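Letter by letter, the chains look like this.
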Amino acid sequence: MRRLSFVLIQPSRFLTLKYGWKETSISQREDTGDEKTAKPKRKRRKKKTITDVLATSEPKPGSPADLQDLVTQFFSDKRSVIEQEELKLQNSSFLPSNDMTHSLSSYLKQAAPKWAKTRKQHTEKGSVVLLIVCSSALRTIDLIKQLTTFKGEAKVVKLFAKHIKIKEQVTLLQKGITHIGVGTPGRIGALIEKEGLSLRALRYVVLDWNWRDQKLRRMVDIPEVDYTEADTCDVCYEKRKNVTNAAQSCTCKVEFSIKKPFEGDVFFYYGLRNFHQNLRRYMDSRDDAQMVGRRANLKKPASYCEPFRLDANGVPLAPCGAVANSMFNDSFTLWYHSSAGSAIEVPLIRKGLTWYTDKNIKYRNPRMDNMTLVQVFNGTAPPPYWHKPVYELDPNEASNNGFINDDLIVWMREAAFPNFKKLYGILNRSTKTFTNGLQEGNYSIKISYNFPVQPFQGRKEVVLTTLTWFGGQNHFLPIAYLVTSSLILLLSIVLTVVWWKFGKNGSNMEE
């Protein structure tokens, strides 16, 4: 039987393993990346986040057991015991680890000493000999640069989803002979499912196992799932390309796993990439007087809302403006798959996500005057991209409708950067299973896929995270403070030198 080799890459350390080929899938949970080794931090309290754990621990070399545990955990509730045994990786399939002296190219030369001969013998289109799996598009580019001295005359193809359509990659793979593929698990898995990437000629698989990103995360540490085209969501992604399908519902499911338990409060965020909420014209396209509940502005929105002020029949929109019209409208249901095989819905708190000033000052419903909310909004129409009117945003909670809907308020608070995340829900820890937080194990997210990202070439993701006593992680503020304080310190030193040179009483400054 032909042998397939795996390589687990780590910063300055690599581990190669040979693996007899069997049908195996790459899980979406591996689609998170890492960049830097962490320095120990002082513990401020007993409660730890995953980032704290990573920051206070040395990166461990990837081992055959790590990969086997990942495969076993993913298939534990999907395959029988016999089938799982067939997927077991033999220790004899793994090559020795690197001695910390090799670069990526030099180590691959050692792991594949007959690479030149292997490259020349490869003549099959739509397949690769060496497949490198990493966490992100940026990491893909970085690894391709590191392959310069190893690849020789081999052709390398990028396999990631950022700004590259899957059909274009299938065409590129079928057009000529490609020797090395570098990309993310989500896109590689999609190409394999669509038979755009053949595994018949595959000899080596490289896993970027221990590389850490700016948040100190490895591929398997924190579930930050890009579901834009993941798993069954690729069907919905294609459907949302055509605006005539906007009214048609589409649901999909994404599976992932949590390797370490999330202790304490867990926050569920949705994220968007390349969506610019900070454009001036976009930010001005709203009527704050309407959102605060003034009856006059409800039926006569401000001109700032144009072209989303009135509908095609001249009926005023509520709420009006581009900000409200582009409200994120995907919905999620999180499921935990226990070791017993049962699926348990993870309860999320969907209220109380906003600030006090939001619900009591900035956003209020018009006065009811013994009328229902439906009667109050009579004579208005929902924004053109909405599937339901503003008074029906939350069918399960009557008090969470209208202009005081939590999801609407969270969306109306514009983000400063094009890549952002917004709070969707908080884990309800009142149930016995989730009293202490989220357990380690397999999870899935059922998604009502409505929000299109093709017009702005964006991506969608969900993020599960915990918070410390100091709040969430934010790299911009500490960097801004450090730069500003450094400039002030430098200026103070210069002024002190000037003061000392010219004298305390300024006599040296006289002509």
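Residues numbered from 1 in each chain as written. Predicted model: local features only at pLDDT ≥ 70, side-chain atom pairs only at ≥ 80, totals over all residues. Heavy atoms only, no water.

Caption draft 1: Molecular detail of the confidence of the model for the protein. In the predicted model, the protein carries a mean pLDDT of 80, and 79% of its residues have values of at least 70. Scored below 50 in pLDDT, residues 9-38 makes 152 contacts in the model with residues more than four places away or belonging to other chains. Across residues 45-51 the pLDDT falls below 50, and counting only partners more than four positions away or on other chains, this stretch makes 20 contacts in the model. (pLDDT = per-residue confidence, 0-100. Contact = heavy atoms within 4.5 Å.)

Caption draft 2: Representation of the environment of Met283. Position of Met283 among the secondary structure elements: in helix H11 (residues 280-284). For Met283, a relative accessible area of 33% corresponds to the partly exposed category. Sequence-distant contacts of Met283, that is, excluding residues within four places in its chain, are made with Gln277, Asn278, Val323 and Glu414. (Helix = DSSP H or I, 4+ residues; strand = E, 2+ residues; numbered from the N terminus. Buried < 20%, exposed > 50% of the residue type's maximum accessible area, 1.4 Å probe, protein only.)

Caption draft 3: The arrangement of the pattern of salt bridges in detail. Scanning all chains against the criterion turns up 17 salt bridges. Among the ionic pairs, Asp284 bridges to Arg280, the shortest N-O distance being 3.3 Å. Of this pair, Asp284 and Arg280 both sit in helix H11, four residues apart, which is roughly one turn of that helix. By relative accessible area, Asp284 is classed as partly exposed at 32%. You can call Arg280 exposed: its relative accessible area is 63%. Its salt-bridge partner being Asp358, residue Arg413 comes within 2.5 Å of it at the nearest N-O pair. Here Arg413, found in the loop between helix H17 (406-412) and strand E15 (420-427), pairs with Asp358, found in helix H15 (residues 356-362); they are 55 residues apart in sequence, far enough to count as distant. Judged by relative accessible area, which is 2%, Asp358 ranks as buried. Salt bridges here are not isolated pairs; linked through shared partners, they connect Arg139, Asp142 and Asp208. (Salt bridge = Lys/Arg side-chain N within 4 Å of Asp/Glu carboxyl O.)

Caption draft 4: Summary view of the sheet that holds strand E17 (residues 441-448). With respect to topology, four strands assemble into an open sheet ordered E9-E17-E12-E13, the strand pairing being antiparallel. The open sheet has two free edges, formed respectively by strand E9 (251-258) and strand E13 (343-345), since each of these has just one partner strand. Each strand axis lies, on average, 30 degrees off the axis of its neighbour in the sheet, ignoring direction. Strand direction decides the pairing type here: E9 and E17, joined by eight bridges, are antiparallel. Within E17, the residue paired with Thr251 across the bridge is Ser448. (Pairing = 2+ DSSP bridges. Axes fitted to C-alpha atoms, helices over the stretch in contact; angles between N-to-C directions.)

Caption draft 5: Inspection of the layout of surface pockets at higher detail. Of the pockets and cavities examined, the second largest pocket occupies roughly 1500 Å³. Along the wall of the second largest pocket there are 49 residues; nearest its centre are Met327, Phe328, Asn329, Asp330 and Asn450. Elements with a contribution of two residues or more to the lining of the second largest pocket: helix H14 (322-325), strand E12 (331-337) and H17. For the lining of the second largest pocket, the leading source of residues is E12, giving four residues. In the lining of the second largest pocket, the residues fall into 26 nonpolar, 15 polar and eight charged. (1 Å grid on protein atoms, 1.4 Å probe; cavity = no way out; pocket = protein on both sides within 12 Å on 5 of 7 lines; lining within 4 Å. Points joined across faces, edges and corners; volume = space filled by probe spheres on them. Nonpolar A, V, L, I, M, F, W, Y, C, P; charged D, E, K, R; others polar.)

Caption draft 6: Focus on the side chain of Asn297. By secondary structure assignment, the location of Asn297 is in helix H13 (residues 295-299). Excluding residues within four positions of it along the chain, Asn297 makes contact with Asp287, Ala289 and Gln290.

Caption draft 7: The pairing of E17, seen in detail. Among the eight residues in E17, six count as buried, and that is most of the element. Two strands pair when backbone bridges link them, and E12 and E17 are joined in this way by seven bridges, in the antiparallel orientation. Looking at E17, one finds that Phe332 is bridged to Ile447.

Caption draft 8: Looking closely at unusual backbone geometry. Here the amide bond leading from Glu306 into Pro307 is cis, since omega sits at 5 degrees, within 30 degrees of zero. In this fold, Pro307 is placed in the loop between H13 and H14. Here Ala318 and Pro319 are connected by a cis peptide whose omega angle stands at -5 degrees. Position of Pro319 among the secondary structure elements: in the loop between H13 and H14. Here Asn370, not a glycine, exhibits a phi torsion of approximately 60 degrees, which is positive. With respect to the element layout, Asn370 can be found in the loop between H15 and helix H16 (373-376).

Caption draft 9: The packing of aromatic side chains, seen in detail. A full pass over the atoms with the stated rule returns 23 aromatic pairs. Taken together, a centroid distance of 5.0 Å and an interplanar angle of 45 degrees make the contact between Tyr336 and Tyr443 tilted. Of this pair, Tyr336 sits in strand E12 while Tyr443 sits in strand E17; the two residues are 107 residues apart in sequence, bridging distant segments of the chain. Across this residue pair, the class does not change: Tyr336 and Tyr443 are buried. Ring geometry for Phe377 and Tyr391: centres 6.2 Å apart, planes at 40 degrees, overall tilted. Pair noted here: Phe377 is in the loop between H16 and H17 and Tyr391 is in the loop between H16 and H17, with a separation of 14 residues, a long-range link. We classify Tyr391 as partly exposed; its relative accessible area is 22%. Between the NZ or CZ atom of Arg350 and the centre of the ring of Tyr424, over which it lies, the distance is 3.8 Å. (Phe/Tyr/Trp six-rings, centres within 6.5 Å; stacked < 30°, edge-to-face > 60°. Lys NZ or Arg CZ within 6 Å of the ring centre and 35° of its normal.)

Caption draft 10: Examining helix H9 (residues 185-193) more closely. Burial runs high along H9: seven of the nine residues are buried. Within H9 the residues assigned to the buried category are Pro185, Gly186, Arg187, Ile188, Gly189, Ala190 and Leu191. Its buried side turned inward, H9 meets strand E4 (130-133), strand E5 (156-159), helix H8 (166-175) and strand E6 (180-183). Glu195 lies just past H9 and shows a positive phi near 60 degrees.

Caption draft 11: Fine view of the packing of H8 against H9. The geometry of H8 relative to H9 is characterised by a closest axis approach of 11 Å and an angle of 65 degrees between their N-to-C directions. If you check the angle between H8 and H9, you find them roughly perpendicular. In the crossing of H8 with H9, the sense of the turn from one axis to the other is right-handed. Within the contact between the two elements, H8 uses Ile166, Gln169, Val170 and Leu173 and H9 uses Arg187, Ala190 and Leu191. Looking at the contact of H8 with H9, its residues break down into five nonpolar, one polar and one charged. (Parallel < 35°, antiparallel > 145°, perpendicular 65-115°, else oblique. Left-handed = near helix turned anticlockwise from the far one by under 90°.)

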